[in-house]
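Listed here are the chains, written in short residue letters.
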Amino acid sequence: MINRAFSTFLIKETRLKRSEAQTGALTRIHGFVYIIILLIAVLPVMGCNKPSENIPTPNGEKNKLYLFNWNNYIAPETIKRFETDCNCQVSQDYYADNEEMLAKMAAGATGYDLIVPTGNALDTLIRQGVLQPLNKSLLPHLKNINPAYLNTAFDPTNQYSVPYAYTLTLLGFNHTKIKALGLPTNTWAIIFEPKYLEKIKGRVTVLDSQRELMAAALKYLGYSANDRNKEQWNQAKDLIIRAKPYWAAFNNTSYIRELAVGNIWVAHGYSNDMYQAAMDATNTQRPFKISYTIPIEGAVLSLDSMVLHQSGTQSRLAHQFINFMLEGKNSAELTNLIGSGNPNLEAIQYIQPALTRDPAIFPDPETLHKLEMLVDLNHAQRRLLSRVWTEIKLR
């Protein structure tokens with residue numbers, strides 16, 4: 001009797017342990033499956049790709065992202081890191097201004113996955129219907145962008161664009177020379193008024209850009225940079241023509257070097273270019289200092305954004321690049337390289353303190369209120385501006 005009871009006990013105990021073991025195994029299996037599911041959900045956010053993506057193409061080549069960007073507008077190490085992380089290649093073409101980019105696209109250029117237009121050019125591309133809408137579910141780092149740079153007039157809901165960087169159009173100058181001459185450096189008057197220009201004749205350059213130069217003249221006259229009144233355009237034209245004999249050149253590119261070596265004493269140009277000129281003069285130990293300032297009358301702020309062109313074939317890879325560039329450390333590399341303004345709040349902690357303290361790169365709210373983004377013109381206005389510009393150039 002005792003042996004039978006003991007045997008029955010052993011059988012029940014053995015079955016119980018076996019059941020517990022099976023239950024534990026199932027629990028462990030369920031936990032393992034949960035972890036796998038979690039990793040699948042998180043990996044696209046944490047990394048560049050899921051392992052199955054960006055596999056070599058049938059001919060054995062890596063996937064290639066085609067980027068159409070401004071000259072010197074991304075750090076080389078940033079590109080290399082993205083290529084390594086995503087097992088892909090980035091092919092870049094460059095443009096010097098928005099008009100060049102738009103002209104090339106209008107002439108039939110295709111195959112670009114990403115373009116980085118300024119606001120008024122973005123407006124044109126949206127109206128032309130040549131951009132792909134963004135899939136924001138693939139852009140978790142979009143939350144890093146300062147809300148002040150979202151929902152612009154060009155793209156009110158950011159359906160197509162993600163802010164990348166910005167520049168200000170301002171005055172750069174040879175601090176040593178201009179201070180010795182006692183000329184004002186905080187006003188557009190220094191490039192428009194003969195009483196100042198006669199002291200620096202042949203030492204001044206202005207941007208070879210219809211919109212930018214007209215904007216500076218309009219702001220100096222007390223108008224909006226986006227004023228479209230024909231009479232006020234003529235006032236700006238007359239102001240420019242009066243000042244033109246004192247200028248050395250209309251210049252979009254070499255003014256950085258000319259300012260840095262001392263050939264030019266005042267330049268109308270972009271904030272990141274002025275920063276570069278100042279660094280070049282310091283690094284080469286020139287006997288003068290290059291400074292730059294936002295005129296008191298106000299200036300133009302150019303917000304450049306990343307957009308997907310409809311002719312591109314790598315939409316998912318393009319989204320991955322955008323999300324990669326929205327990470328604070330990656331975004332900060334451009335500002336540290338060229339001194340561009342940065343709309344990415346997460347990037348601030350990685351930017352050199354000297355840059356974040358520079359009011360011409362990170363303007364305070366009062367100054368920001370005086371800055372305008374250029375808006376696009378309609379066909380008739382562009383034709384009129386073209387005639388005004390031709391007259392300026394021929395006089």
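Just above, that's the structure.
This is a predicted model, so every value here is computed, not measured.

Draft legend 1. Fine view of helix α2 (residues 76–86). Listed as buried for α2 are Thr78, Ile79, Phe82 and Cys86. Each buried residue of α2 sits inside an arc of 100 degrees when the element is viewed along its axis, so together they form one side. Exposed residues on α2 whose side chains face more than 90 degrees from its buried face are Lys80 and Thr84. Considering only its buried residues, α2 is in contact with β1 (63–70), β2 (88–95), α12 (315–325) and α13 (328–338).

Draft legend 2. Structural detail: the pattern of salt bridges. Under the defined criterion, the tally for this structure stands at 10 salt bridges. In this structure, aspartate 123 engages arginine 127 in a salt bridge whose closest nitrogen and oxygen atoms are separated by 3.9 Å. Of this pair, aspartate 123 and arginine 127 both sit in helix α4 (residues 119–128), 4 residues apart, which is roughly one turn of the helix. Accessibility expressed as a relative area gives 53% for arginine 127, which makes it exposed. For the salt bridge of lysine 237 with glutamate 391, the shortest nitrogen-to-oxygen distance reads 3.2 Å. Here lysine 237 is found in helix α9 (residues 230–243), whereas its partner glutamate 391 is found in helix α16 (residues 379–394), with 154 residues between them in sequence. Owing to a relative accessible area of 9%, lysine 237 belongs among the buried residues under this scheme. Relative accessible area serves as the criterion here: at 31%, glutamate 391 is assigned to the partly exposed category.

What counts and how
Residues numbered from 1 in each chain as written. Predicted model: local features only at pLDDT ≥ 70, side-chain atom pairs only at ≥ 80, totals over all residues. Heavy atoms only, no water. Buried < 20%, exposed > 50% of the residue type's maximum accessible area, 1.4 Å probe, protein only. Helix = DSSP H or I, 4+ residues; strand = E, 2+ residues; numbered from the N terminus. Arc of directions from axis to C-beta. Contact = heavy atoms within 4.5 Å. Salt bridge = Lys/Arg side-chain N within 4 Å of Asp/Glu carboxyl O.

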